[in-house]
Amino acid sequence: MDLKKRFEKFKESEFELNKDFYSELKDEQKPHTLFIGCSDSRVNAETLFGAKTGEIFQIRNVANIVPSKDKADENYAVVSALEYAVKILKVKNIIVGGHSNCGGCAAIRKFAEYKNTLPYTTEWISQSVFISDYVDSKYPNMKEEDKLVLLEKFNAIGQLNNLMTYDFVKEKVEAGEINLQACYYDIGTGDIVLYDYEGVSFDRNEDNI
Ligand SMILES: [Zn+2]
């Protein structure tokens, strides 16, 4: 693939045809939404939400994880973007996006197996191992493939609790200034389910997700 040719094509067609639009973006951004999604190449927030450039501020990482406040000092990349989106850009929505066939969540399910080959990844995803354990304890007889789907959903929802550990997020959510949600995107069917934030206790079951 020739990336240079793609850049040239962008300038010649997309940019030239929409010069006024890009000119408006030149001096500032005013995104209404912070999307926290997986790095997976199949999850594209602009496509999913029908959004244009400038509408969605994004944090992408393996398995769409938000470190809780007690781990913030080891994870400035995520927390600085969160802080900027909330305090400076004043986004109205924060949405954490989980998705089907998530390699990061699959690695959480096989944590011990990957520990030696993917030391950085397993260190990162270790933050969500407790959610995988929760699925095992709540649904001991469930098939592994179904457990993975539940983990993908619970993992997205669980990040809302982590977001609420930051006072600057919590205050705005409680004041109704930020709408806090998770979503789950099924890549194969195109279905997207939205989940509202329901409080910090993590006690979801299969029936309400
Ligand atoms: Zn993923």
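Provided above is the structure to which this section pertains.
Residues numbered from 1 in each chain as written. Predicted model: local features only at pLDDT ≥ 70, side-chain atom pairs only at ≥ 80, totals over all residues. Heavy atoms only, no water.

Draft legend 1. Spatial organisation of the overall build of the protein chain. Along the backbone of the protein chain there are 10 helices and 5 strands. The C-alpha radius of gyration computed for the protein chain amounts to 18 Å, which stays within 12% of the reference 17 Å derived for 209 residues, consistent with globular compactness. C-alpha atoms of the protein chain, sized along the principal axes, occupy 55 × 45 × 35 Å. Across the 209 residues of the protein chain, 43% fall into the buried class. Partitioning the contacts of the protein chain with sequence separation of at least 6, the portion at a separation of at least 24 is 67%. Total accessible area computed for the protein chain in this model is approximately 12,000 Å², and 51% of it derives from carbon and sulfur atoms. (Helix = DSSP H or I, 4+ residues; strand = E, 2+ residues; numbered from the N terminus. Rg over C-alpha atoms; globule rule 2.2 N^0.38 Å. Buried < 20%, exposed > 50% of the residue type's maximum accessible area, 1.4 Å probe, protein only. Contact = heavy atoms within 4.5 Å. Areas by Shrake-Rupley, 256 points an atom, 1.4 Å probe, with all protein chains shown as cover.)

Draft legend 2. Region of the structure containing the coordination of the zinc ion. Around the zinc ion, the protein contributes the donor atoms Cys 38 (SG), His 99 (NE2) and Cys 102 (SG), at 2.0 to 2.3 Å from the metal centre. Coordination of the zinc ion draws on donor residues from a single chain, spaced C-x60-H-x2-C in sequence. Cys 102 matches His 99 in its accessibility class, with the two residues each being buried. (Donors = N, O, S within 2.8 Å, 3.2 Å for Na, K, Ca; no water.)

Draft legend 3. Broad picture of the pairing of strand E3 (residues 93–99). For E3, the buried fraction is high: 6 of the 7 residues fall into the buried class. Where strand E1 (residues 33–38) lies against E3, 5 bridges are found, and the strand directions are parallel. Opposite Phe 35, over in E3, you have Ile 95 as the bridge partner. Relative to strand E4 (residues 179–185), E3 runs parallel, the two sharing 7 bridges. Pairing of Gly 97 across the sheet is with Cys 183, part of E4. (Pairing = 2+ DSSP bridges.)

Draft legend 4. Representation of the environment of Ser 80. Among the structural elements, Ser 80 can be located in helix H4 (residues 76–88). Look at Ser 80 and you get partly exposed, because its relative accessible area is 39%. For the pair Ser 80 and Tyr 185, spaced 105 residues apart in sequence, the C-alpha separation works out to 26 Å.

Draft legend 5. Geometry of a nonpolar patch on the surface. A grouping of Met 1, Leu 3 and Phe 7 is seen on the molecular surface, where their side chains present a nonpolar patch of about 430 Å² in accessible area. Relative to the helices and strands, Met 1 resides in the segment before helix H1 (3–17). For Met 1, a relative accessible area of 78% corresponds to the exposed category. (Patch = residues over 30% accessible without salt bridge, like charges linked within 9 Å, V, L, I, M, F, W, Y side chains within 5 Å. Salt bridge = Lys/Arg side-chain N within 4 Å of Asp/Glu carboxyl O.)

Nothing here speaks to function; it is geometry throughout.
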